[in-house]
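Overview (structure and organization)
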Amino acid sequence: MNMIAAVDSKWAIGNKNKLLISIPADMKMFRQETMGKVVVMGRKTLESFPGQKPLPKRTNIVLTAKKDYNAGDAVVVHSIDELMEELKKYDTNDIYIIGGETIYRQMLPYADVCHITKIDREYEADAYFPNLDKDEEWEITAESDEQVYFDTTYAFVKYERK
């Protein structure tokens, strides 16, 4: 199972239910990685999307405690157990956890690969990804050259469970 996120220098991922920054190359990489695959998210992540609609050309699964939640053509589950049962239908390599903070923390034990866009800047934030650099179970297995978007530097980093 994969996780995918863009993090700042403190591993922040968002503020007030919005991304910290929108970097076109990061958005392109996200699309390339997840297109045609299964994306798993929490309700607030879905509600942060344009029109609060599921991502096109992907199987969307939303985890929420709200029993009567309707997410368009997305599959809605209400517990980690229910989510894990639903995920048995798919190849684990085709599953991407896409946020937010609570879902990342709950699903990290099940992930094997994390695709992290590391942004060399600190933003005001209220949501964070677990710091894989401080987790001995994870190692960097690939890293892009430094990229630049206006005055922001970043790199694409692949972490894999040891």
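Before reading on, note that the structure itself is shown above.
In what follows, the accompanying structure is described. All figures in this text were calculated on a predicted structure; none of them were measured in a lab. (Residues numbered from 1 in each chain as written. Predicted model: local features only at pLDDT ≥ 70, side-chain atom pairs only at ≥ 80, totals over all residues. Heavy atoms only, no water.)

With that settled, consider helix α3 (residues 80–87). Along α3, the residues classified as buried are Ile80, Leu83, Glu86 and Leu87. Burial along α3 is one-sided: seen end-on, the buried residues are contained in an arc of 120 degrees. Looking at the buried residues of α3, the elements they touch are β4 (38–42), β5 (59–63), β6 (75–77), β7 (95–99) and α4 (101–107). (Buried < 20%, exposed > 50% of the residue type's maximum accessible area, 1.4 Å probe, protein only. Helix = DSSP H or I, 4+ residues; strand = E, 2+ residues; numbered from the N terminus. Arc of directions from axis to C-beta. Contact = heavy atoms within 4.5 Å.)

Moving on to the pattern of salt bridges. Applying the stated criterion to the full structure yields eight salt bridges. With a shortest N-O distance of 3.9 Å, glutamate 124 and lysine 16 are connected by a salt bridge. Of this pair, glutamate 124 sits in the loop between β8 (113–119) and β9 (127–128) while lysine 16 sits in the loop between β2 (12–15) and β3 (18–19); the two residues are 108 residues apart in sequence, bridging distant segments of the chain. Lysine 16 matches glutamate 124 in its accessibility class, with the two residues each being exposed. (Salt bridge = Lys/Arg side-chain N within 4 Å of Asp/Glu carboxyl O.)

In the structure shown here, the tally under the stated rule is five aromatic pairs. Ring geometry for tryptophan 11 against tyrosine 159: centres 5.9 Å apart, planes inclined by 65 degrees, an arrangement best described as edge-to-face. Here tyrosine 159 lies in strand β12 (residues 152–161) and tryptophan 11 lies in the loop between β1 (2–7) and β2, a separation of 148 residues in the sequence. Per residue, the accessibility class of tryptophan 11 equals that of tyrosine 159, and both read buried. Members of the aromatic cluster, connected to one another through ring pairs, are Trp11, Tyr104, Phe129 and Tyr159. (Phe/Tyr/Trp six-rings, centres within 6.5 Å; stacked < 30°, edge-to-face > 60°.)

Keep in mind that these numbers describe shape and distance, not what the molecule does.
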